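Examination of the molecular architecture
Chain residues, written in single-letter form:
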Amino acid sequence: MSEKKTIRSNFEEWINNQTIEGAKLIHTDDGIRFDADFAVAEINFYEFEILVTELRITNKKNDETEFFLHFELRDLDYAKELFGEMLETFEELRSRHKVQVLLSCTSAFTTSLVAQKLNEAADLLGLDFTFTAVPFMELYQNAQDYDMILLAPQISYEGARIRKVLRDKIVVDIPPRLFATYDTSGILEAIRSEYDNRTRGEKKLSGRKLVSIETSELKIAAIVVLIRSRNQFHVICRTYCGGKILDETEAIRRKERLDITIRDVLDTVIYKNKNDHFDAIGVTVPGEIYEGKVYNLLAVSEMDIKGVFEKRYGIPVIVQNNTKSGILGFRSRHSHYKNCVLLSQSFGARFGGCGAIVNGRLVEGAHNSAGEIKYVTRQFYGLSIKETYGVNPEEMLLNMDFIVRMVIGLMDPEIIVIRNGMIPDIDALRSTVLKSIPERNMPKLRKIEDEDVLEYMLLGIMDLCLKSLEDLNAK
């Protein structure tokens with residue numbers, strides 16, 4: 001038996017001996033799956049020059065991928081470790097497989113009582129709903145972990161703004177009569193009806209544009225790491241050749257092993273394309289990049305991505321901050337702007353990154369730390385790293401007002417592109433900034449979504465790879 005078949009056989013045998021409560025073990029053509037009423041966990045095997053293992057968890061409630069990665073199966077202990085990480089996510093989903101409803105009021109005193117009564121009624125009726133109460137000031141900090149938001153009459157006037165910020169959540173106002181009389185059956189019927197109406201229909205499709213760009217015949221593997229929330233990061237690897245997109249691979253994880261995740265994704269991509277030679281690898285990540293090393297990212301003090309990956313793959317590796325790559329990608333699509341800025345923040349974060357082009361040139365600084373907004377905002381607000389997340393829209397508006405004014409004062413751009421899920425109304429931000437900035441100095445403000453910023457970051461790191469290869473060939 002070959003080494004690949006032996007290690008696969010040993011891993012499958014080990015998996016077969018694992019028991020997951022409430023999940024049925026099913027053997028498929030590609031591997032093994034654990035099927036529960038709330039989620040499906042898949043372990044699939046693909047043979048290239050190496051044996052690639054895919055781990056994926058799909059949430060049955062919303063068809064969303066909760067955990068996804070590829071890795072080369074060559075170390076049984078490492079495979080067991082990743083399986084354990086997948087199992088942690090699976091068990092977390094089990095604990096919240098019911099529809100999670102967050103009740104909010106001004107103080108949460110009354111809604112705590114309502115939540116208790118609703119939980120008792122849901123248990124009695126066998127309904128898959130569970131309720132938690134928080135004061136309004138903590139709503140946005142907790143909302144991402146819930147499926148529905150239930151607003152008490154006292155704060156129903158906030159409903160329109162909450163729906164703008166929490167666009168992916170179901171937001172329901174409790175009718176005053178039902179709330180005042182603690183009519184749990186009436187409240188349950190209202191939220192069941194709204195939940196069924198909102199979740200009925202086709203599965204959501206990805207909004208990714210998958211835009212090709214004109215390039216030479218050089219083949220590039222471009223990787224983007226985007227922090228989506230305080231608990232999750234997303235890795236995208238796209239391969240380009242001759243101006244066309246050949247393939248795209250991704251990983252979704254909640255752990256801090258970012259360098260290993262990138263390596264596993266790259267191994268999969270390179271071996272899937274084993275008959276073709278890659279000319280360069282581009283990696284663009286959050287954090288400070290200096291001489292190919294990444295600092296201050298997800299509690300990792302230093303990662304020598306360039307040195308380690310060039311030794312591993314034997315080809316040039318270009319590493320850049322993802323917001324800087326993003327502004328390069330934006331300008332590649334909007335070349336008429338000579339002075340432009342990208343501000344990118346994950347949902348609820350007080351600060352993110354700033355990528356800037358001034359007079360047609362990327363602003364990097366002496367140590368490539370230009371654009372590290374945390375050095376200004378964290379000190380300005382007296383924050384620790386643990387206090388990075390948890391702002392509400394009012395705080396975010398003030399925070400972004402400060403950042404935008406700082407950017408205007410320092411760089412005077414023609415346009416500022418903003419990725420920030422807690423700023424749904426870009427006109428409100430503009431009006432706030434105009435209280436301090438003369439109209440004649442006011443740049444355009446453009447809001448973009450995660451899908452847009454991913455495209456710009458991919459295009460930007462691709463462009464950097466091509467320029468670096470041109471420079472190498474010119475020497």
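Here is a short report on the structure shown in this document. (Residues numbered from 1 in each chain as written. Predicted model: local features only at pLDDT ≥ 70, side-chain atom pairs only at ≥ 80, totals over all residues. Heavy atoms only, no water.)

1. Brief notes about unusual backbone geometry
In most cases, non-glycine residues show a negative phi, while peptide bonds are predominantly trans. The backbone phi angle of Glu-291 is positive, close to 55°, even though this residue is not glycine. With respect to the element layout, Glu-291 can be found in the loop between strand E14 (288–290) and strand E15 (293–297). On the basis of relative accessible area, Glu-291 is assigned to the exposed category, the value being 65%. Even without being glycine, Asn-368 reaches a positive phi, approximately 60°. Positionally, Asn-368 belongs in the loop between strand E20 (361–362) and helix H11 (374–381). Judged by its relative accessible area of 11%, Asn-368 is buried. (Helix = DSSP H or I, 4+ residues; strand = E, 2+ residues; numbered from the N terminus. Buried < 20%, exposed > 50% of the residue type's maximum accessible area, 1.4 Å probe, protein only.)

2. What about the packing of aromatic side chains?
Scanning the model with the defined rule gives 11 aromatic pairs in all. Consider the rings of Trp-14 and Phe-83, whose centres lie 5.3 Å apart with planes at 80°: the pair is edge-to-face. Of this pair, Trp-14 sits in helix H1 (residues 3–16) while Phe-83 is found in helix H2 (residues 76–95), placing the two residues 69 residues apart along the sequence. With a centroid separation of 5.1 Å and 45° between ring planes, the pair formed by Phe-38 and Phe-90 is classed as tilted. In this pair, Phe-38 sits in the loop between strand E2 (31–35) and strand E3 (39–47) while Phe-90 sits in helix H2, placing the two residues 52 residues apart along the sequence. The pair formed by Phe-38 and Phe-90 is uniform in burial state, with each residue classed as buried. Grouped by ring-pair contacts, the aromatic residues Phe-11, Trp-14, Phe-34, Phe-45 and Phe-83 constitute a single cluster. Across from the ring centre of Phe-278, 4.7 Å away, lies the NZ or CZ of Lys-219, which sits over that ring. (Phe/Tyr/Trp six-rings, centres within 6.5 Å; stacked < 30°, edge-to-face > 60°. Lys NZ or Arg CZ within 6 Å of the ring centre and 35° of its normal.)

3. With respect to the side chain of Ser-325
Summarising the element assignment, Ser-325 is placed in helix H10 (residues 322–333). Given the relative accessible area of 0%, Ser-325 is considered buried.

4. Regarding the environment of Lys-306
Summarising the element assignment, Lys-306 is placed in helix H9 (residues 305–313). Residue contacts for Lys-306: discarding those within four places in its chain leaves Gly-292, Val-317 and Val-319. A polar contact is formed between the side chain of Lys-306 and the side chain of Glu-310, at a distance of 2.8 Å. Only 2.9 Å separates the side chain of Lys-306 from the backbone oxygen of Val-317, close enough to count as a polar contact. (Contact = heavy atoms within 4.5 Å. Polar contact = N/O pair within 3.5 Å; in protein donor to acceptor, adjacent residues only side chain to side chain.)

5. Description of helix H13 (residues 426–433)
Note that an α-helix has 3.6 residues per turn; residues three or four places apart therefore point the same way. If you check which residues of H13 are buried, you get Ile-426, Leu-429, Thr-432 and Val-433. Along H13, the residues classed as buried sweep out an arc of 120° about the axis, all on the same side. Residues of H13 that are buried make contact with helix H12 (393–411), strand E21 (415–419) and strand E22 (444–447). With a side-chain oxygen lying 3.1 Å from the backbone nitrogen of Asp-427, the N-terminal cap of H13 falls on Asp-425. (Arc of directions from axis to C-beta.)

6. Considering the pattern of salt bridges
On inspection of all chains with the given rule, the structure shows 19 salt bridges. Here Arg-33 ties to Asp-35 by a salt bridge, and the two come within 3.7 Å at their closest N and O atoms. A residue is classified by how much of its surface remains accessible, and Arg-33, at 26% relative accessible area, is partly exposed. Between Asp-173 and Arg-163 there is a salt bridge; the shortest N-O distance is 3.5 Å. Placement of the pair is Asp-173 in strand E9 (residues 170–173) and Arg-163 in helix H5 (residues 159–165), with a sequence separation of 10 residues. Within this structure, Arg-33, Asp-35 and Lys-60 form a network of salt bridges that share partners. (Salt bridge = Lys/Arg side-chain N within 4 Å of Asp/Glu carboxyl O.)

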